[in-house]
Amino acid sequence: MIVYRKIEDIITRMQDDKTGGVPIRTVKSFLSKIPSVVTGADIVQWLMKNLSIEDPGEAIHLGSLIAAQGYVFPISDHVLTLKDDGTFYRFQAPYFWPSNCWEPENTDYAIYLCKRTMQNKARLELADYEAENLARLQRAFARKWEFIFMQAEAQVKIDRKKDKTERKILDSQERAFWDVHRPVPGCVNTTEMDIRKCRRMKNPQKVKKSVYGVTEESQPQSPVHVPSQPVRKTTKEDFRKQITFLNLQIDRHCLKMSKVAERFWLAVQDLKKQPLQDVTTRVEEIWQEFLAPGAQSAINLDSHSYEKTSQNVKDPGRYTYEDAQEHIYKLMKSDSYARFLRSNAYQDLLLAKKKGKSLTSKRLTGLMQSS
C-alpha cells in the first residue's frame with residue numbers, strides 16, 4: 001500500500017498543471033478527436049526532470065512499472081508498458097486505482113466482455129484472447145448467462161446516456177482496469193502476488209473460493225484459465241436460488257453505493273448554506289471523505305468531472321463541487337431511482353394500493369428496510 005501511495009503521489013503531480021505537470025491535450029485525428037491524452041515521450045521527460053533521473057532507460061523502466069499497475073495506459077494497446085515516443089497514453093481514474101484493493105470476480109469480467117460485444121464500435125471489438133475468455137466464461141456460467149446478459153444490457157443503456165467524449169474516456173479506463181486484472185497472455189499479472197494473496201497462501205483455510213471452486217496453490221490464479229470442476233446436476237430450484245442470491249448481492253452493492261452518492265449530494269447542498277468562514281474547512285472535509293485517493297466513502301466520477309473538481313478545490317467556494325454533484329445526481333436519477341421502481345418493496349406498495357389494502361407502519365418499515 002505504501003508503494004501505491006508513492007506512485008499515486010507521482011501521478012497526482014504529473015496531472016497538476018500549476019506545478020508543471022505533463023501536458024494533457026485533445027488531439028485531432030482524421031475524422032475524430034482523441035480527448036485527454038499525453039505522449040510517452042512527455043511522460044519520460046517529466047520523470048527525468050522531476051525525479052532527477054539522468055538515464056532515459058531508467059525513466060522508461062520506472063514508467064513501465066507505473067503503467068503495469070494501470071495508473072497510465074496506452075489508448076490503443078492492451079500491453080501496459082511505456083514507450084519513449086509519440087504513443088498516446090491516458091491517466092487512469094482514481095476509482096480504478098489498485099489502492100482501492102480490487103478483487104473483481106469472473107462474473108464482473110463476463111459482464112464486461114458481454115457489454116463490449118453489444119456496442120458497435122471498432123475500438124471495443126474483442127481481441128482474440130478476450131473472445132476465447134468470453135467463450136470459456138459462457139460455458140462456465142451457462143446456467144447464469146441470461147442473468148449476466150441482462151446486467152450487461154442494463155449497463156449499456158446507462159452508458160449510452162453519457163456524453164460521447166466522456167463515454168470514450170470511460171471505456172478506455174475500464175478496458176485498462178481489466179488489462180491489469182485479466183492481462184494479455186504472456187504479460188505479468190501484477191495482481192497475483194499482493195500481500196493479501198501471500199497471506200492466504202500462508203493460511204490455506206482463508207483461501208478465497210472462486211466460481212470454479214477452491215483454487216489450489218499449484219493452479220494458475222486466474223480462474224479464467226482453470227478448467228471447471230465436475231459438479232452435481234443442478235435443479236431448477238438451485239438455479240432459482242442462485243439467481244435470487246446474485247440479485248440480492250447486486251441490490252445490496254447498489255444500495256450501498258446509492259447511500260454514499262446520496263450522502264455526497266446532501267453534503268454539497270449543506271456546503272452551499274455554510275458561513276463563508278467555514279467553507280474552506282468543509283470543502284476539505286468533503287474531499288477527504290468522498291474524493292481523495294483511498295477515501296473511505298469514495299464515489300465514482302468521470303475523469304472530466306474529477307479533473308474540474310480537483311482544480312476547484314484549490315480555490316474553495318460554496319460551489320466547488322457543483323460539477324461533481326450534477327454528475328452524481330444524473331447517476332442516481334438513471335440508476336438508483338430506476339432500481340427502486342423495480343424493487344420488491346415498491347412493487348408491494350403498488351400491489352397493496354391496487355387491492356385497496358392499507359399497510360401497517362410495521363409492515364411498511366419492514367418493506368423499506370428490505371429494499
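Residues numbered from 1 in each chain as written. Predicted model: local features only at pLDDT ≥ 70, side-chain atom pairs only at ≥ 80, totals over all residues. Heavy atoms only, no water.

Trainee: Would you mind going over the packing of aromatic side chains with me for this structure?
Mentor: How two aromatic rings sit relative to each other is set out by the distance from centre to centre and by the angle between their planes. For the structure on display, the rule yields 10 aromatic pairs. Considering the side-chain rings of F264 and F290, the 5.4 Å spacing of their centres and the 70 degrees angle between planes classify their relative orientation as edge-to-face. Of the two residues, F264 is situated in helix 9 (residues 236–271) and F290 in helix 10 (residues 276–291); the sequence distance between them amounts to 26 residues. In this structure, F264 and F290 share a single accessibility class: buried. Pairwise contacts between aromatic rings join Y95, F96, Y109, Y112, F177 and W178 into one cluster. (Phe/Tyr/Trp six-rings, centres within 6.5 Å; stacked < 30°, edge-to-face > 60°. Helix = DSSP H or I, 4+ residues; strand = E, 2+ residues; numbered from the N terminus. Buried < 20%, exposed > 50% of the residue type's maximum accessible area, 1.4 Å probe, protein only.)

Trainee: What is the right way to look at helix 7 (residues 164–181) in this model?
Mentor: The α-helix advances 3.6 residues per turn, and as a result positions three or four apart in sequence lie on the same side. Between its first and last C-alpha atoms helix 7 spans 26 Å; for 18 residues at 1.5 Å apiece the expected length is 26 Å, and the two agree. Of all 18 residues making up helix 7, 15 are buried, and the element is well covered by its neighbours. Residue D163 occupies the N-cap position of helix 7, its side-chain oxygen lying 3.1 Å from the main-chain nitrogen of T165. (Expected span 1.5 Å × (residues − 1). Polar contact = N/O pair within 3.5 Å; in protein donor to acceptor, adjacent residues only side chain to side chain.)

Trainee: What is the right way to look at the side chain of E166 in this model?
Mentor: Mapped onto the secondary structure, E166 falls in helix 7. Buried charge without a partner: E166 forms no salt bridge, and the closest opposite charge is K162, 5.0 Å away. Leave out the neighbours within four places in its chain, and E166 touches D302 and H327. (Lys, Arg positive; Asp, Glu negative; His and termini not counted. Salt bridge = Lys/Arg side-chain N within 4 Å of Asp/Glu carboxyl O. Contact = heavy atoms within 4.5 Å.)

Trainee: I keep staring at the packing of helix 10 against helix 11 (residues 303–313) and nothing clicks. Help me out?
Mentor: To describe two helices that pack against each other, one gives the angle between their axes and the distance between the axes. One can describe the packing of helix 10 onto helix 11 by two numbers: an axis separation of 11 Å at closest approach and a directional angle of 150 degrees. One element, helix 10, and the other, helix 11, form an angle in the roughly antiparallel class. Like other packed secondary-structure pairs, helix 10 and helix 11 cross with a definite hand, here left-handed. Counted together, V283, W287 and L291 of helix 10 and Y306, T309, S310 and V313 of helix 11 form the full contact between these two elements. (Axes fitted to C-alpha atoms, helices over the stretch in contact; angles between N-to-C directions. Parallel < 35°, antiparallel > 145°, perpendicular 65-115°, else oblique. Left-handed = near helix turned anticlockwise from the far one by under 90°.)

Trainee: Can you walk me through the sheet that holds strand 2 (residues 33–39) in this structure?
Mentor: Within a sheet, neighbouring strands are paired by backbone hydrogen bonds and run either parallel or antiparallel to one another. Read across the sheet, 4 strands follow the order 1-2-4-3 without closing on themselves; strand pairing throughout is antiparallel. In this open sheet, the two edge strands, each paired with only one partner strand, are strand 1 (25–28) and strand 3 (72–74). Here the strands of the sheet are splayed against their neighbours by 60 degrees on average, with no regard to which way each runs. Examined bridge by bridge, strand 3 and strand 4 (residues 88–91) share 3 bridges and lie antiparallel to one another. The partner of F73 across the bridge, within strand 4, is R90. (Pairing = 2+ DSSP bridges.)

Trainee: Sorry if this is basic, but what is going on with the pattern of salt bridges here?
Mentor: Pairs can form between side chains of opposite charge whenever their charged atoms are close. Counted according to the given criterion, the structure contains 12 salt bridges. A salt bridge links R282 to E285, with the shortest nitrogen-to-oxygen separation between them at 3.0 Å. Remark: E285 and R282 occur in helix 10; sequence separation between them is 3 residues, near one turn of the helix. Salt bridges sharing common partners tie together K115, D159, K162 and E174.

Trainee: Help me out: how do you make sense of the confidence of the model for the protein chain in this one?
Mentor: Low-pLDDT portions of the prediction should not be read for the details of their coordinates. Looking at the protein chain, pLDDT values average 77 and 71% of them are 70 or higher. pLDDT under 50 marks residues 193–199. Its contacts with residues more than four places away, or in other chains, come to 7 contacts. A low-confidence stretch, residues 204–231 stays under pLDDT 50, and its non-local contacts, those more than four residues away or across chains, total 40 contacts. (pLDDT = per-residue confidence, 0-100.)

Trainee: Got a minute to help me understand helix 5 (residues 128–140) in this structure?
Mentor: Helix length check: helix 5 (13 residues) gives 19 Å between terminal C-alpha atoms against 18 Å at 1.5 Å per residue, within 8%. Every buried residue of helix 5 is accounted for by Y129, E130, N133, L134 and L137. Projected down its long axis, helix 5 shows its buried positions confined to an angular sector of 140 degrees, all on one face. Along helix 5, exposed side chains directed more than 90 degrees from the buried face belong to D128 and R139. Where the residues of helix 5 are buried, they touch helix 4 (106–117), helix 6 (145–159) and helix 7. (Arc of directions from axis to C-beta.)

Trainee: Honestly, unusual backbone geometry in this entry has me stumped. Any pointers?
Mentor: Outside of glycine, negative phi angles account for most residues, and trans bonds account for most peptide bonds. Within the chain, S36 stands out as a residue other than glycine whose phi angle is a positive 50 degrees. By the element assignment, S36 lies in strand 2. For S52, which is not glycine, the phi torsion reads 55 degrees and is therefore positive. Within the secondary structure, S52 sits in the loop between helix 2 (40–50) and helix 3 (56–68). On the basis of relative accessible area, S52 is assigned to the exposed category, the value being 66%.

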